[in-house]
Amino acid sequence: MHNKTIVELSRALAAGEFSSTELTTHFLQRIHSLDEQYNSFITVTEERALADATEADERIAQGKATALTGIPLAHKDIFCTQGIRTSAGSKMLDNFIAPYESTVTANFNAAGCVMLGKTNMDEFAMGSSNENSFYGPVSNPWDTKAIAGGSSGGSAAAVAARLTPAATGTDTGGSIRQPASHCGITGLKPTYGRVSRWGMIAYASSLDQAGPMARTAEDVALLLQAMAGMDPKDSTSVDRPVEDYSATLNESLQGLRVGLPAEFFAEGLDSDVEQCVSNAVSELEKLGATVKQISLPNSNLSVPSYYVIAPAEASSNLSRFDGARFGYRCDQPQDLEDLYKRSRGEGFGAEVKRRILVGTYALSAGYYDAYYIQAQKIRRLIKNDFINAFNDVDVIVGPTAPTPAFNLGEKADDPVAMYLSDIYTLSTNLAGLPGMSIPAGQVSGRPVGLQIIGNYFSEAKLLNIAHRFQQATDWHLKAPTDIGA
Amino acid sequence: MGWETVIGLEVHVQLATKSKIFSGASTVFGAEPNTQASLVDLGMPGILPVVNEQAYRYAVMFGLAIDAKISKRSYFERKNYFYPDLPKGYQTTQLEQPIVGPGHIQIQLPNGDTKEVRIHHAHLEEDAGKSLHEDFHGMSGIDLNRAGTPLIEIVSEPDMRSSAEAVAFAKKLHSIVTSLGICDGEMSQGSMRFDVNVSVRKKGSEVLGTRTETKNLNSYRFMEEAIALEVERQIDLIEDGGTVLQETRLYNADTRTARSMRSKEEANDYRYFPCPDLLPVEIDDEFIEAARASLPELPDARQARFMDQYKLSEYDVSQLAQYRDTAEYFEKVTKTCKDAKLAANWVTGELASRLNKESLNITHSPVGADQLGEMLLRVKDDTISGKGAKTVFDSMWNKEGSADDIIASKGLKQVSDSGALEAMIDEVMAANTAQVEQYRASPAEKRGKMIGFFVGQIMKASRGSANPGQVNKLLKVKLDG
């Protein structure tokens, strides 16, 4: 059952081949027997899952099922789920039982999905390797010595190891695409504003966007359908009709103009990864695409720009974690200052503290213009690069990450090296564009992802390209060997 | 050479919206602690703000009322600092591009002159919660009911030169925002709070002295006291060879003292930046014109109208037209009794002093405008005397019924009937022949004074019910024979 895609599972549930309860029990058993080696879940919500499944089975029996009714899902532990611990991977929220439901999870609940649990992540979504979690690092199912990627590493590993058919993720600088790439799955970061941020614990509000992670583009289309849409509770969500993402999956790619940015194939790109990407581009050409060299001249500035803007917003977003109302509180505070200092000092991990400090510095009097304002100007330049590029091409294609998954611990002590691993993904967040990562090869048994970046609200086009590519290739069908029968 | 005081005000005005500025929670004052704080007001992880359109409309109305530039594009920023009653660790406010730009307000000075005070800008922001330091045995309680209540902060230029001018400005602002209906004006509930920036300089100097800011004064009296205290402190300091330090000060109304809260060096670096959870707010001409069309009559216009329509004195108008509630009450009384001068005398006199004595707002007056109007009708038609009217008013204040009921039950109806009065006069004259002789022997200019004796006797005999005017007239005829 666990090798089936959502589309297949949905058909099987409808045909009565098995019940959602059987399906759910199967995945719960897999989590219990296998996740010890991956650590992809922070919380497994067994009782809730079985209750959801019972309800879904009734709904299916009544003929009121949607394509997602009865399908088990895991949610990144950044989405507030009412009555269930929502930790954001932090000691700070280890005791936090969310009192309300995020819009994303509420949408899946309404569709009749089954929640298996909450997946591991870098603390407050800050990280590229999932080594910054209070609950320990996540191992890559393809090679447990390797990182799963971050920050949605738990979601990516759980999908790759077939512990869940799909999972939600969030992407602030590559946090869906990069782990999807490293774990050989399909992930999509929608256009900023396409999916509501209500109930998603904020890291950098102007960059954060939720998206689906699954094995195929077809499944991702189904999931995005449930997630996307205007939410009156999120002022930054966009009031624009949601397309039927599944309807256009099979459209021809004849005449598709694909741009290859020179900057994404420059120094720092692993030659084996480059080869995988070239092969994938050839495949797209076979499907009818024409390829053009383009330039995104300011993309080399995306790392410095991102690492000013994101920490600046984070430094403010994380101020509410002060030990006063919810979350971690230090033992026996002596006075207010002691409460603040020790609660935050003990509750946050090193990378979170580093970014709070960087962001606080960037917003300080005397530095604001030199850092924050400058970074915003660069952000505008990066966005203009893309707008110019989309005058000539329909989509931009390149590697998702410069290398395959590196080993756990390899870059843990070198934050700058770690930050550079996001070099190809950051610019889409800065511009607010949609981007996907799809499996496109392997290097020494570790998956390599192809990144496809589209214009604003071109999710349907991205999914169409990804689906046609997956019809012609089988990288997305490959499974890690050591994930049980 | 003397000193000149320079004062600028920052006024926080709570807007009378039903719900908060970024959440749907109620803004009603006085609920049990923390019962009117939603997830948004509590700053829960993952929450997002949505701007209250009514708060924006109110801010625009204020801007139009002070003839200010309205920003078609404004945006919110975050002011970051840690405090337990600030749940998110930042206040969402406006800095670079506030909704209301420069404007001006005309104030009336105690000597009757008018003066223009320039408004630098006014911006929208959320209020913080309250820290309760009593009742918790060395700990502090936090009430977040107020957190997220919409405020406009009105920032004046340093255009005031005395505490009297500052108070006149504050009162004028109060009259504007209550006339607009955008604030309930309940100062005791914190609906208007003042921060005063004070500096002093030698008379004739063009250079501003170093200023201090005294925060959170919630009455005119406290403001006056705090300014006086601060001016004295600064002058003493400079005359003793010291220098004024830029600092924030706190005034203690109980001890009538102030202390330094923090110096400029200790001031927070608020790290303002545009709030990424809210898009810039763009308003169009249609929105502005709709707000303009909804503007009620403003105090200055009302004052002009009262002068013109009711032919009242400048003093009466200044008392009656400033506040919408008072003006509405007065106009209702006038409509009933059809005598503006009489209505003005009673509203600014007896009624005002009773309300003042019992610290009541005119909207809570035990004597309604219709009731007062009906009583004044009885004064006008001579049913009761001025003195009788005071008795009737007292009884109405105590809820003893309508003017007519009280006049009847207390027998306050004046005797104006000539026959009855003449009989009384004859009786008194007969009983006081010596005084009558004396009167008649006196020259005309002395008689005026002497007539008072007879009036007194008749009033006594009638137990106050005789119409004094009528008695006077009839007496004169009879005595002069």
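Given the structure is predicted, the values throughout are model-derived calculations rather than measurements. Counting from 1, residues in each chain are numbered in the order their sequence is written. Numbering of ligands from 1 and lettering of chains from A proceed in the order in which they are written. Reporting in this predicted model follows two pLDDT cut-offs: at least 70 for local features of residues, and 80 or more for side-chain atom pairs to be given and counted; totals over whole chains, interfaces and linings ignore these cut-offs and use all residues. With hydrogens and water excluded, all non-hydrogen atoms of the structure serve as input to the side-chain values.

Peer 1: Help me understand the overall build of chain B, please; the structure alone is not making it clear to me.
Peer 2: Helix and strand counts for chain B come out as 15 helices and 15 strands. Overall size of chain B, expressed as C-alpha extent along the three principal axes, is 95 × 55 × 55 Å. For the exposure calls, accessible area comes from a 1.4 Å probe over protein chains only, and a residue counts as buried if that area is under 20% of its type's maximum, exposed if over 50%, partly exposed in between. In chain B, which comprises 481 residues, the proportion classed as buried is 50%. We call two residues contacting when some pair of their heavy atoms lies within 4.5 Å. Counting only contacts in chain B whose residues sit at least 6 apart along the sequence, the fraction spanning at least 24 positions is 68%. Every accessible area reported is derived by Shrake-Rupley at a probe size of 1.4 Å, with residue values counting cover from the shown protein chains alone. On chain B, roughly 22,900 Å² of surface is accessible, and the fraction owed to carbon and sulfur atoms is 50%. Lys and Arg are tallied as positive, Asp and Glu as negative. Neither His nor the chain termini are counted. By convention, the point assigned to a charge is CZ for Arg, NZ for Lys, CD for Glu and CG for Asp. For chain B, the distance from the average position of its 57 positive side-chain charges to the average position of its 70 negative side-chain charges is 5 Å. Helix and strand definitions here come from DSSP, where helices need a minimum of 4 consecutive H or I residues and strands a minimum of 2 consecutive E residues; each element is numbered from the N-terminal end.

Peer 1: Sorry, what's going on with the pattern of salt bridges here?
Peer 2: Side chains carrying opposite charge are able to pair once their charged atoms draw close together. All names here are of chain A. Salt bridge criterion: a side-chain nitrogen from Lys or Arg within 4 Å of a carboxyl oxygen from Asp or Glu. This structure, assessed with the given rule, holds 51 salt bridges over all chains. Where Arg177 meets Asp171, a salt bridge forms, and the shortest distance between an N and an O atom there is 2.8 Å. Across this residue pair, the class does not change: Arg177 and Asp171 are buried. Measuring nitrogen to oxygen at the nearest pair gives 4.0 Å for the salt bridge that ties Arg197 to Asp234.

Peer 1: It is not clear to me how the interface of chain A and chain B should be interpreted in this structure. Could you clarify?
Peer 2: Interfaces are often sized by the accessible area lost when the parts come together. Contacts between chain A and chain B engage 36 residues on the former and 30 residues on the latter. Accessible area that two parts lose when put together, evaluated with a 1.4 Å probe and summed over both, is termed the buried area. Both sides of the chain A and chain B interface together cover about 2,700 Å² of buried area, and 60% of this is carbon and sulfur. Three residues stand out in chain A for area buried against chain B, namely Ser235, Arg320 and Arg325 of chain A, and they jointly supply 22% of the buried area on that side. Across the chain A-chain B interface, the total number found is 1 salt bridge. For Arg197 of chain A, the salt bridge identified is with Asp277 of chain B, shortest N-O distance 3.1 Å. Two N or O atoms form a polar contact when they lie within 3.5 Å of each other; inside protein one atom must be a possible hydrogen donor and the other a possible acceptor, and for residues adjacent in sequence the pair counts only when both atoms belong to side chains. The interface formed by chain A and chain B includes 18 residue pairs in polar contact (both at pLDDT 80 or more). Mapped by element, the contributors of at least two residues to the side of chain A that touches chain B are helix H9 (302-317), helix H10 (336-347) and helix H11 (350-363) of chain A.

Peer 1: Looking at this structure, I do not really get the packing of aromatic side chains. What am I missing?
Peer 2: In this description, an aromatic ring pair is defined by two values, namely the gap between the centres and the angle between the planes. Side-chain rings of Phe, Tyr and Trp, where Trp is taken by its six-membered ring, are said to pair if the distance between their centres is within 6.5 Å; with planes under 30 degrees apart they count as stacked, over 60 as edge-to-face, and otherwise as tilted. What the rule picks out here adds up to 29 aromatic pairs over all chains. Seen from their ring centres, Phe96 of chain A and Phe326 of chain A are 5.8 Å apart, and the 55 degrees between their planes marks the pair as tilted. Here Phe96 of chain A, found in the loop between strand S2 (72-76) and helix H4 (103-111), pairs with Phe326 of chain A, found in the loop between H9 and H10; they are 230 residues apart in sequence, far enough to count as distant. Accessibility classification places Phe96 of chain A together with Phe326 of chain A in one group, the buried group. Ring centres 6.3 Å apart and planes at 40 degrees place the aromatic pair Phe194 of chain B and Tyr220 of chain B in the tilted group. You can see Phe194 of chain B sitting in strand S10 (residues 192-202) and its partner Tyr220 of chain B sitting in helix H3 (residues 220-239), a full 26 residues away along the chain. In terms of burial, Phe194 of chain B and Tyr220 of chain B fall into one category: buried. An aromatic cluster is defined as three or more aromatic residues linked by ring pairs; in this entry it consists of Phe96, Phe124, Phe321, Phe326 and Phe348 of chain A.

Peer 1: Got a minute to help me understand the packing of helix H12 (residues 418-431) of chain B against helix H13 (residues 433-441) of chain B in this structure?
Peer 2: Helix packing for two helices is described by the angle between their axes and how far apart those axes are. Residue and element names in this part refer to chain B. Each axis is a line fitted through C-alpha atoms, and for a helix only the stretch in contact is used; angles between axes span 0 to 180 degrees, taken between their N-to-C directions. Running from N to C, H12 and H13 cross one another at 95 degrees; their axes reach a closest spacing of 5 Å. One way to sum up the angle between H12 and H13 is to call them roughly perpendicular. When H12 is examined against H13, the residues Met429, Ala430 and Ala431 are found in contact with a partner set consisting of Thr433, Val436 and Arg440. Classification used: nonpolar for Ala, Val, Leu, Ile, Met, Phe, Trp, Tyr, Cys and Pro, charged for Asp, Glu, Lys and Arg, polar for all others including Gly. Per-class residue counts for the contact of H12 with H13 are 4 nonpolar, 1 polar and 1 charged. Angles below 35 degrees are treated as roughly parallel, those above 145 as roughly antiparallel, those between 65 and 115 as roughly perpendicular, and all remaining angles as oblique.

Peer 1: Looking at this structure, how should I read H10 of chain A?
Peer 2: Note: α-helices contain 3.6 residues per turn, so residues at a spacing of three or four share the same orientation. Residues and elements named next belong to chain A. The span you would expect from a helix comes to 1.5 Å times its residue count less one. For H10, spanning 12 residues, the distance from its first C-alpha to its last is 16 Å, which sits close to the expected 16 Å at 1.5 Å a residue. The elements touched by buried residues of H10 are H11. If you check the start of H10, you find a side-chain oxygen 3.3 Å away from the backbone N of Glu337, and it comes from Asp335.

Peer 1: Just checking my understanding: could you explain the sheet that holds strand S1 (residues 3-14) of chain B for this structure?
Peer 2: Within a beta sheet, neighbouring strands are joined by backbone hydrogen bonds and run either parallel or antiparallel to one another. All names here are of chain B. Pairing between strands is defined by DSSP: at least two bridges between the two strands are required. Taking strand neighbours across the sheet as the criterion, the 8 strands line up as S5-S6-S9-S1-S10-S11-S12-S13 in an open arrangement whose pairing is mixed. The strands lining the two open edges of the sheet, one partner per strand, are strand S5 (103-108) and strand S13 (257-263). Going across the sheet, the axis of each strand differs from the next one's by a mean of 30 degrees, ignoring polarity. Relative to strand S9 (residues 150-156), S1 runs antiparallel, the two sharing 5 bridges. Across the sheet, Glu10 pairs through a bridge with Val155, a residue of S9.

Peer 1: In this structure, what is going on with the domain arrangement of chain B? I would like to understand it.
Peer 2: The domain limits used here are those given by an automatic or database domain assignment. Considered domain by domain, chain B is made up of domain 1 (3-290), domain 2 (297-410) and domain 3 (418-480). Taking only C-alpha atoms, the centre of domain 1 of chain B and the centre of domain 3 of chain B are 65 Å apart.

Peer 1: Explanation requested: the sheet that holds strand S4 (residues 90-93) of chain B in the structure shown.
Peer 2: Residue and element names in this part refer to chain B. Read across the sheet, 3 strands follow the order S4-S3-S14 without closing on themselves; strand pairing throughout is antiparallel. Strands at the two margins of the open sheet, each flanked by one partner only, are S4 and strand S14 (273-274). Looking at chain direction, strand S3 (residues 77-80) and S14 are connected through 2 bridges and run antiparallel. Directly across from Arg78, in S14, lies its bridge partner Phe273.

Peer 1: Would you mind going over the packing of H9 of chain A against helix H12 (residues 369-389) of chain A with me for this structure?
Peer 2: Residue and element names in this part refer to chain A. Contact geometry for H9 and H12: axes closest at 9 Å, N-to-C directions at 125 degrees. As judged from the angle between their axes, H9 and H12 are oblique. Seen along the crossing, H9 lies across H12 with a hand that is left-handed. Here H9 contributes Ser302, Ser305, Val308, Ile309 and Ala312 to the contact with H12, which in turn contributes Tyr371, Tyr372, Ala375, Gln376, Ile378, Arg379 and Ile382. Along the lines of polarity and charge, the residues of the contact of H9 with H12 split into 8 nonpolar, 3 polar and 1 charged. Helix crossings are classified by the rotation of the near helix relative to the far one: an anticlockwise turn of less than a right angle makes the crossing left-handed, while a clockwise turn makes it right-handed.

Peer 1: I'm lost on a nonpolar patch on the surface in this one. Help?
Peer 2: Together, Tyr361, Tyr367 and Tyr371 of chain A make up a nonpolar patch on the protein surface, roughly 290 Å² of accessible area in all. A relative accessible area of 39% places Tyr361 of chain A in the partly exposed class. Only residues whose relative accessible area exceeds 30% and that take part in no salt bridge are eligible for patches, with like-charged residues grouped when within 9 Å of each other and nonpolar side chains (Val, Leu, Ile, Met, Phe, Trp, Tyr) grouped when within 5 Å.

Peer 1: What am I meant to see in the pairing of S5 of chain B here?
Peer 2: Looking along a regular strand, one sees side chains alternate from face to face of the sheet. Residues and elements named next belong to chain B. Across the two faces of S5 the burial differs, with Gly103, Ile105 and Ile107 buried and His104, Gln106 and Gln108 not buried at all. As paired strands, S5 and strand S6 (residues 114-126) are joined by 6 bridges and run antiparallel to one another. Within S6, the position partnered with Gln106 by the bridge is Glu116. The hairpin formed by S5 and S6 contains 5 residues between the paired strands, and Gly112 there has a positive phi angle of roughly 95 degrees.

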